Amino acid sequence: MIPEKELQKHFGFSTFKNGQKDVISKILDGNSAAAIFPTGAGKSMCYQLPAMLLPEMTLVVSPLLSLMKDQLDFLTAHHIPAARLDSTLDRDETNKIFEQAKNRELKILMISVERFKNERFRYHLQNMRISLLVIDEAHCISEWGHNFRPEYLKLPHYQKEFNIPQTLLLTATATAAVIDDMCGKLDICRENVVVTGFYRKNLFLKVTPAAEADKKTILLKRIQRTPAAPTIVYVTLQKTAETVAAFLYENNINAHAYHAGMQSRERENIQNRFMEGSLACIVATIAFGMGIDKKDIRRIIHFDLPKSIENYSQEIGRSGRDGELSLCQILANRDGINVLENFIYGDTPDKRSIYRLLQEIKNNNGFTWEFKLTRLSNEINIRALPLKTLLVYLSMEGIIRPKTTYFDEYAFKFFSGPEKIIEQFAEERKQFVSAVFSHCQTKKIWTSVDMEGILNTYATNRQRIITALEYFNEKGWIELQTRQAVEVYDIMTQAFDMDTVTEKMHTLFVQKESHGIERIHQMVDFFESRSCISRQLAGYFGETLEKEHCGHCSFCKNESIELKTTARLKPLSNMDFNDLTGEFITVAGEHATEMNLTKFLCGIYTPVFSKFKVKAMPIFGALEQYPFPEVKKWIQASQKLPLPNPAG
Ligand code: ADP
Ligand code: MG
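Residues numbered from 1 in each chain as written. Chains lettered and ligands numbered in written order. Predicted model: local features only at pLDDT ≥ 70, side-chain atom pairs only at ≥ 80, totals over all residues. Heavy atoms only, no water.

## Focus: unusual backbone geometry
- The phi angle at Arg104 is positive, at roughly 60 degrees, despite the residue not being glycine.
- Of note, Arg104 is situated in the loop between α5 (91–102) and β4 (108–112).
- Phi at Glu137 is positive, roughly 55 degrees, even though this residue is not glycine.
- Mapped onto the elements of the fold, Glu137 is located in the loop between β5 (130–135) and α7 (155–161).
- When its relative accessible area of 10% is taken as the criterion, Glu137 is described as buried. (Helix = DSSP H or I, 4+ residues; strand = E, 2+ residues; numbered from the N terminus. Buried < 20%, exposed > 50% of the residue type's maximum accessible area, 1.4 Å probe, protein only.)

Rendered as structure tokens:
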């Protein structure tokens, strides 16, 4: 087989990009492999071509819908039978995809990682034949990466459960430790890991020390030089995206904000306008850019510090894909470091929250533990992401084991009446179907299924009921919908010591926290570096540059890159504790713990705050510029004074 010929035949490209051939050969030889190439280097081709040559379907897991959209458009344009399953599809579309997959009519099926928790999907997956599992943004599997996603940790388990013989990992950002970690989890040998291409000779890496107050003017002047050049300005906070975009717009720059707080329709619209060139400049939080494949982005300007070196590398990597000179400029000072760090502190749960979670497990009757994530998150006051992480930690500790996710609310619309459906069956089946419908309640359009009611009166099980509903759905007799995911875990032991486990789990979070803080400092050092920035950046991802100086970074141009603290903060000791905390303490009562007070003042949202409507309190986030540990210390010290002292 000559893969070049195949490449030409299926995709119209005459040559491979750096690293592609190597990875593709490993896959076609029957191995699992990893491709670590920077953004835009062509990682997707590493599965797209094999997908055409492997006997069965390729299943691609991505963290984001937008990532899949572009890839799917590309595949469809090349007449490759591919589909994407997502929650925006209606019943017919979803069923059609399941049918095609089962009938081996699809070469590529793309899903989000959450899809695996969907019982309906898992039910259908058992009947699909899959040759290759592709994990896009695979660094998400590693806690030592910059974007750990707890759901990703379960992928090795699914790969085994569904007997998928080969795995391919794709990522643009894996340090050596992350590579070892993810390859270990998916049994990939080191020799099947291909790392290439981090150095970009057409990117000018510029670090501009700037006082906070001057940044907008510097930014405007820079954009005014060539106002039509496609530009992405990255900021940390949503409100900064709004204010900076408004400022540019007032100054006649064709700019718009983009962030996760906006409606997805609007976001999509802005993205499309940017892609087609009718919008020149996007001011975005990191929500923007994953999977963007626009060749002529001329400028990436970091208005705030990026979250990490990995983020920086990905974000600048979106520019100059056409090979033309592009500017990557960062307007930097030390002022924003506290805000960045506070994001990390906000993810460390209170010990008392961990304790409450353990209590739930210990007091659970029986060995199956079921809960809804949002309810649990609100009840024990741990944000969703750290809560998922905690559940993974407890699984690794052998206390619980993830079993499945199901939807406790099944609801449907009738297309033909229940009698017509019951008529289709005979004998025991008829009785069963009648039992199901006799425990359904119709309100206006939707009929809800009372699972408990059925189970209490008819000798059957959940799986049979779901299978039946699926069948009616496939037949077009009903339109089935699932709502409210319920997580199901097996409890492996209740004989653990509450204090010991609480302490241990808390320690894990504290380690994670200090690791995160360390990474921020490492990044600041990186921008202030005393050597070539391009060389350092490539080195971070394990690539060695031959030349000592790239000649196209601030260091090589002898520019000054010392970062300063430019904002002057009033010392905490001059603040009035009562003024700042009085309202919150009154409203929060027993929840006004030291940790919650600190989060409140630093503007870090935590689930319990929704009850107190803190976002409407003007004091919320009053100290967001201050370091979290200092605020906490100040609270501790202030509470020792004879003042109305809250519980906890
Ligand atoms: P990554 O996932 O590494 O960021 P993509 O897979 O999105 O990059 O590919 C970037 C671009 O390169 C896409 O437009 C893709 O079509 C193109 N591309 C991929 N392989 C080749 C090739 N062999 N020749 C030319 N263009 C290619
Ligand atoms: Mg990609």
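## Re the domain arrangement of the chain
- Taken domain by domain, the chain comprises domain 1 (3–195), domain 2 (203–336 + 516–540), domain 3 (406–489) and domain 4 (572–639).
- Just the C-alpha atoms count here: the centres of domain 1 and domain 3 sit 34 Å apart.
- Domain 1 puts 11 residues into the contact, and the matching count from domain 3 is 18 residues.
- Summing both sides of the interface, domain 1 and domain 3 together bury roughly 1200 Å²; the carbon and sulfur share of this comes to 41%.
- At the boundary of domain 1 with domain 3, the tally comes to 0 salt bridges.
- Here domain 1 and domain 3 share 0 residue pairs in polar contact (both at pLDDT 80 or more) between them.
- When residues of the side of domain 1 that touches domain 3 are traced back to their parent elements, those giving at least two are α5 and α6 (119–125). (Domains from an automatic or database assignment. Contact = heavy atoms within 4.5 Å. Buried area = accessible area lost by both parts, 1.4 Å probe. Salt bridge = Lys/Arg side-chain N within 4 Å of Asp/Glu carboxyl O. Polar contact = N/O pair within 3.5 Å; in protein donor to acceptor, adjacent residues only side chain to side chain.)

## Some points on the pairing of strand β6 (residues 166–171)
- Most of β6 is tucked away: 6 of the 6 residues are buried.
- The side-chain alternation of β6 yields two buried faces, one formed by Gln166, Leu168 and Leu170 and the other by Thr167, Leu169 and Thr171.
- Across 4 bridges, the pairing between strand β1 (residues 33–36) and β6 is parallel. Along β6, the bridge assignment pairs Ala34 with Leu169.
- Handedness of the crossover is the feature at issue here: the chain leaves β5, passes through α7, returns alongside β6, and the resulting connection is right-handed. (Pairing = 2+ DSSP bridges. Right-handed = clockwise from strand over helix to strand, strands pointing away.)

## Description of the side chain of Arg222
- Along the polypeptide, Arg222 turns up in helix α9 (residues 215–225).
- Here Arg222 sits buried without a salt bridge, and the closest side chain of opposite charge, Glu559, lies 7.3 Å off (N-O distance). (Lys, Arg positive; Asp, Glu negative; His and termini not counted.)

## What about helix α26 (residues 628–640)?
- Look at α26: 19 Å from first C-alpha to last across 13 residues, which is about the 18 Å you get at 1.5 Å a residue.
- Of the residues making up α26, those classed as buried are Phe628, Val631, Trp634, Ile635, Ser638 and Gln639. Each buried residue of α26 sits inside an arc of 130 degrees when the element is viewed along its axis, so together they form one side. Relative to its buried face, α26 has exposed residues pointing more than 90 degrees away, namely Lys633 and Lys640.
- On its buried face, α26 sits against α13 (337–345), α23 (577–588) and α24 (594–602). (Expected span 1.5 Å × (residues − 1). Arc of directions from axis to C-beta.)

## A closer look at the sheet that holds β4
- Read across the open sheet, the 7 strands follow the order β3-β4-β2-β5-β6-β1-β7; overall the sheet is parallel. At either margin of the open sheet sits one strand with a lone partner, and together these are β3 (82–84) and β7 (193–195). Here the average twist between neighbouring strands, direction ignored, is 15 degrees.
- Note: β3 against β4, 3 bridges, orientation parallel. Along β4, the bridge assignment pairs Ala83 with Leu109. (Axes fitted to C-alpha atoms, helices over the stretch in contact; angles between N-to-C directions.)

## Considering the packing of aromatic side chains
- The full count for this structure, using the stated rule, is 34 aromatic pairs.
- Taking the centre distance of 5.2 Å and the plane angle of 85 degrees together, the rings of Tyr540 and Phe541 count as edge-to-face.
- With relative accessibility at 3%, the residue Phe541 sits in the buried group.
- Three or more aromatic residues joined by ring pairs make a cluster, and in this case those are Phe412, Phe414, Phe425, Phe437, Tyr471, Phe472 and Trp477.
- Cation over ring: Arg464 sits above Phe432, and NZ or CZ is 3.9 Å from the ring centre.
- Here Lys615 stacks its cationic end above the ring of Tyr605, 4.5 Å away from the centre of that ring. (Phe/Tyr/Trp six-rings, centres within 6.5 Å; stacked < 30°, edge-to-face > 60°. Lys NZ or Arg CZ within 6 Å of the ring centre and 35° of its normal.)

## Concerning the packing of helix α15 (residues 373–380) against helix α16 (residues 384–396)
- It is at 10 Å that the axes of α15 and α16 come closest, and there the two elements cross at 100 degrees. Looking at the two axes, α15 sits roughly perpendicular to α16. Residue-level inspection shows Leu373, Leu376, Ser377 and Ile380 of α15 in contact with α16, the latter providing Ala384, Leu387, Lys388 and Leu391.
- Classifying every residue of the contact of α15 with α16 gives 6 nonpolar, 1 polar and 1 charged. (Parallel < 35°, antiparallel > 145°, perpendicular 65-115°, else oblique. Nonpolar A, V, L, I, M, F, W, Y, C, P; charged D, E, K, R; others polar.)

## Some remarks on the site of ligand 1
- The local shell around ligand 1 holds 17 residues, among which Thr15, Gly40, Lys43, Ser44 and Asp293 are the closest.
- One of the backbone N or O atoms of Thr15 is found 2.9 Å from a nitrogen atom in ligand 1.
- A distance of 3.1 Å separates an oxygen atom of ligand 1 from a polar backbone atom of Gly42.
- Relative to its free-state accessible area of 570 Å², ligand 1 is covered by the protein chains to the extent of 80%. (Near = heavy atom within 4 Å. Areas by Shrake-Rupley, 256 points an atom, 1.4 Å probe, with all protein chains shown as cover.)

## Side note on the sheet that holds strand β9 (residues 231–234)
- Strand order across the open sheet formed by 6 strands is β8-β13-β12-β9-β11-β10, with parallel pairing between neighbours. Bordering the open sheet on either side are β8 (203–209) and β10 (255–258), each of which pairs with just one other strand. Put simply, the sheet's adjacent strands are angled 15 degrees from each other on average, direction ignored.
- As paired strands, β9 and strand β12 (residues 299–302) are joined by 4 bridges and run parallel to one another. Its bridge partner being in β12, Val233 is matched across the sheet by Ile301.

## Considering the confidence of the model for the chain
- Confidence in the prediction of the chain, expressed as mean pLDDT, is 90, and 97% of residues score 70 or more.
- When mean pLDDT is taken per element in the chain, β5 scores highest with 98 and strand β15 (residues 400–414) scores lowest with 80. (pLDDT = per-residue confidence, 0-100.)

## Observations regarding the side chain of Asn381
- Examined against the element boundaries, Asn381 turns out to sit in the loop between α15 and α16.
- Residue Asn381 is classed as buried on the basis of its relative accessible area, which comes to 10%.
- Sequence-distant contacts of Asn381, defined by excluding residues within four places in its chain, comprise Ser353, Leu376, Asn596, Thr606, Pro607 and Val608.

## Considering the pattern of salt bridges
- Across all of its chains, the model carries 25 salt bridges by this definition.
- Lys185 serves as the salt-bridge partner of Asp181, at 2.8 Å between the closest nitrogen and oxygen. Here the residue Asp181 and the residue Lys185 both occupy positions in helix α8 (residues 176–185), the gap between them amounting to 4 residues, near one helical turn.
- Classification of Asp181 as buried rests on a relative accessible area of 18%.
- Take Lys185: its relative accessible area is 26%, and that puts it in the partly exposed class.
- The closest approach of N and O atoms between Glu428 and Arg464, which form a salt bridge, is 3.0 Å. Residue Glu428 is located in helix α18 (residues 427–438), and its partner Arg464 is located in helix α20 (residues 462–475); the two are separated by 36 residues in the primary sequence.
- Judged by its relative accessible area of 36%, Glu428 is partly exposed.
- Bridged by salt links that share partners, the residues Glu212, Lys215 and Asp304 form one connected network.

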